[in-house]
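Below, each chain spelled out in residue letters.
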Amino acid sequence: MSITGISDAVTAALHQAINGLDARQQAISSNIANLETPNYLAKEVDFESSLRAALDDGDPSKATVSVSQSLAATRLNGNNVNIDFELLASSENVMRQKLAVQALNAKYQLLRTAIGNT
Amino acid sequence: MSAIFGILDVAKSGMGVYKTWLNAVADNIANIDDVTDTSTPAFQERFVQVQAVEDGTGFGHGAAVVGAEFGDPNGRVTYDPNHPLADANGLVRRPDVDLTDQMVYLQLAQRGYQANVQAFERARDAYESILTIGK
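The residue numbering used here restarts from 1 in each chain and proceeds along that chain's sequence as written. Just so you know, chain letters begin at A and ligand numbers begin at 1, following the order they were written in. Whole-chain, interface and lining totals are the exception, using all residues; otherwise, since this is a predicted model, local features are given only for residues with pLDDT of at least 70 and side-chain atom pairs are given and counted only at 80 or more. Only hydrogens and water are removed before side-chain values are computed, so all heavy atoms of the structure are retained for them.

**Q** I keep staring at the overall build of chain B and nothing clicks. Help me out?
**A** Strands here mean DSSP runs of E at least two residues long; helices mean DSSP runs of H or I at least four residues long; both are numbered from the N terminus. Within chain B one finds two helices and four strands. Helices (α) and strands (β) of chain B occur, in sequence order from the N terminus, as α-β-β-β-β-α. Sorting the 135 residues of chain B into buried and exposed places 33% on the buried side. The contact criterion used is simple: two residues touch if any of their non-hydrogen atoms lie within 4.5 Å. For chain B, long-range pairs separated by at least 24 residues make up 60% of all intrachain contacts whose partners lie at least 6 apart in sequence. In this scheme, a residue with accessible area under 20% of its type's maximum is buried, one over 50% is exposed, and one in between is partly exposed, where area comes from a 1.4 Å probe on protein chains only.

Here it is, written out as C-alpha cells:
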C-alpha cells in the first residue's frame, strides 16, 4: 500500500501514530460524553507498545490499536470516568497529534526539496 | 474509523444528553410548586435514562438518551384547608420534588455539557491540524 521512495518507515510510523491518537481522541470524547452514565467504565487506548514492537520488527504498518476498560474505582453509580484526567488527556493527545502532523509535514517538505518543487 | 470527523459526533451526542438532562431539571423546578387535588396524581419528577453507544470500533461513540423515568405520582399530601383545591379533609397533593436535588443535578448537567463542549473544541483542533498534512 506504500509508494516506495515516498512512503518509508518514517511516514508509515507517523501514519500509525496519527491513527492511534485519533482512536484515543474518540475514546476520550466518548468517556466525556458518558461522564454520568451509570455502570460505564472508561475506555483506554494503547497503540504505543504495538507500534514500538512493529518498528523493532521493521514494519510499522503492522501496528495495531487496542482498547481496554479502566480499572479505576467506580463511583456509587458504577461509573469510573475521571473528568480531570480525561480533559488533561484530551489536551495532551491533541498536542501529540499536532506534533506527529508537523513531523510528517517536515518529512514531506524534505521530499519536496529533493524533488525540486518547493 | 467510522464517519469522517466522527469525534465531533461523539462530543455532540454528549452535549445532547446533558441538554436533555438540563431540560428535565428545568421542568422539575418549574413544576415544583404545582398543587393538585387529592384525586389527581401529582406532577412526577422527570429522570433521564442514558446509555453508552458503540460503533463497532470499540472506542465508543458517545452516549444517548434511551428513555425517561418518573417519580412518585402520589407526591406529598399536605394539609392546606384554605387552598381552593383542598378536599373535605383539607388535604392537597404536591409533587415530591426536592429543590436541593434539582440544584445538584443542574450543576452536574451544566458541568457535563461544558466538558463536552471542550471535547468538541479539542477534536476540532485535532482535525484542523490533520487537514494541514501535505501543505
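The rest of the description comes next.
**Q** Explain the nonpolar core here, please?
**A** Looking at soluble globular proteins, one finds that nonpolar side chains tend to be buried together. Nonpolar core, defined: a set of buried Ala, Val, Leu, Ile, Met, Phe, Trp, Tyr and Cys residues in which side-chain atoms within 4.5 Å join the residues together. Counting 14 residues, the largest nonpolar core has A:Ile32, A:Leu35, A:Val81 and B:Trp21 as its most contacted members. If you list the elements that add at least two residues to this core, you get helix 1 (9–33) of chain A together with helix 1 (6–30) and helix 2 (99–130) of chain B. With four residues, the top contributor of residues to this core is helix 1 of chain B. Residues in contact with A:Leu35, not counting those within four places in the same chain, are A:Arg75, A:Asn79, A:Val81, A:Ile83, B:Tyr18, B:Gly112 and B:Ala115. By size, the runner-up hydrophobic cluster in this structure holds six residues, among which are A:Phe47, A:Leu51, A:Ala54 and A:Ala63.

**Q** Even after reading the chapter, I still don't get the interface of chain A and chain B, so can you show me in this structure?
**A** Between chain A and chain B, the contact holds 32 residues from the first and 36 residues from the second. Together, the buried faces of chain A and chain B total about 2600 Å²; carbon and sulfur atoms form 62% of this surface. Here the quantity called buried area is the total loss of accessible area, with a 1.4 Å probe, experienced by two parts when brought into contact, counted for both. When the buried area of chain A at its contact with chain B is split by residue, A:Gln26, A:Ala33 and A:Glu36 rank highest and sum to 22% of it. Here a salt bridge means any side-chain nitrogen of Lys or Arg lying within 4 Å of a carboxyl oxygen belonging to Asp or Glu. On inspection of chain A and its partner chain B, the count reaches one salt bridge. The salt bridge partner of B:Glu54 is A:Lys43, with a shortest N-O separation of 3.0 Å. Here a polar contact is recorded for every N or O atom pair within 3.5 Å, except that within protein the pair must consist of a potential hydrogen donor and a potential acceptor, and residues adjacent in sequence are included only if both atoms are side-chain atoms. Counting the contacts that link chain A with chain B gives 12 residue pairs in polar contact (both at pLDDT 80 or more). Among the elements of the structure, helix 1, strand 1 (43–46) and helix 3 (83–115) of chain A are those that each provide at least two residues to the side of chain A that touches chain B. For the side of chain A that touches chain B, the leading source of residues is helix 3 of chain A, giving 12 residues.

**Q** I keep staring at the packing of aromatic side chains and nothing clicks. Help me out?
**A** Two measures describe an aromatic ring pair: the distance that separates the ring centres and the angle between the ring planes. All names here are of chain B. Only Phe, Tyr and Trp rings are paired, with Trp represented by its six-membered ring, and only when their centres lie within 6.5 Å; those with planes under 30 degrees apart are stacked, over 60 edge-to-face, the remainder tilted. For the structure shown, the criterion picks out three aromatic pairs over all chains. On the basis of an interplanar angle of 65° and a centroid distance of 4.9 Å, the ring pair of Phe5 and Tyr127 is categorised as edge-to-face. With Phe5 in the segment before helix 1 and Tyr127 in helix 2, this pair connects stretches of sequence that are 122 residues apart. With a centroid separation of 6.0 Å and an interplanar angle of 40°, the aromatic rings of Trp21 and Tyr105 are classed as tilted. Placement of the pair is Trp21 in helix 1 and Tyr105 in helix 2, with a sequence separation of 84 residues.

**Q** In this structure, what is going on with the side chain of B:Asn116? I would like to understand it.
**A** Mapped onto the elements, B:Asn116 comes out in helix 2. The residues contacting B:Asn116, other than those within four sequence positions of it, are A:Ser29, A:Ile32, A:Ala33, B:Ala11, B:Gly14, B:Met15 and B:Tyr18.

**Q** Is there a simple way to explain unusual backbone geometry in this structure?
**A** Leaving glycine out, the prevailing phi sign among residues is negative, and the prevailing peptide bond configuration is trans. Notably, A:Asn39 is not glycine yet its phi reads approximately 65°, a positive angle. One can find A:Asn39 in the loop between helix 1 and strand 1. A positive phi angle, near 55°, is found at B:Phe5, a position not held by glycine. Note on B:Phe5: relative accessible area 35%, which makes it partly exposed.

**Q** What's the story with the pattern of salt bridges in this structure? I'm lost.
**A** Pairing between side chains of opposite charge can happen when the charged atoms of each approach one another. Taken as a whole and assessed by the stated rule, the structure comprises 10 salt bridges over all chains. When the shortest N-O distance is used, the salt bridge between A:Asp59 and A:Lys62 registers 2.9 Å. Judged by relative accessible area, A:Lys62 falls into the exposed class, the value being 60%. The shortest N-O distance in the salt bridge between B:Asp9 and B:Lys12 comes to 3.8 Å. Taken together, the residues span about one helical turn, with B:Asp9 and B:Lys12 both in helix 1 at a distance of three residues. Among the residues examined, B:Asp9 registers a relative accessible area of 31% and is labelled partly exposed. Residue B:Lys12 is classed as exposed on the basis of its relative accessible area, which comes to 52%.

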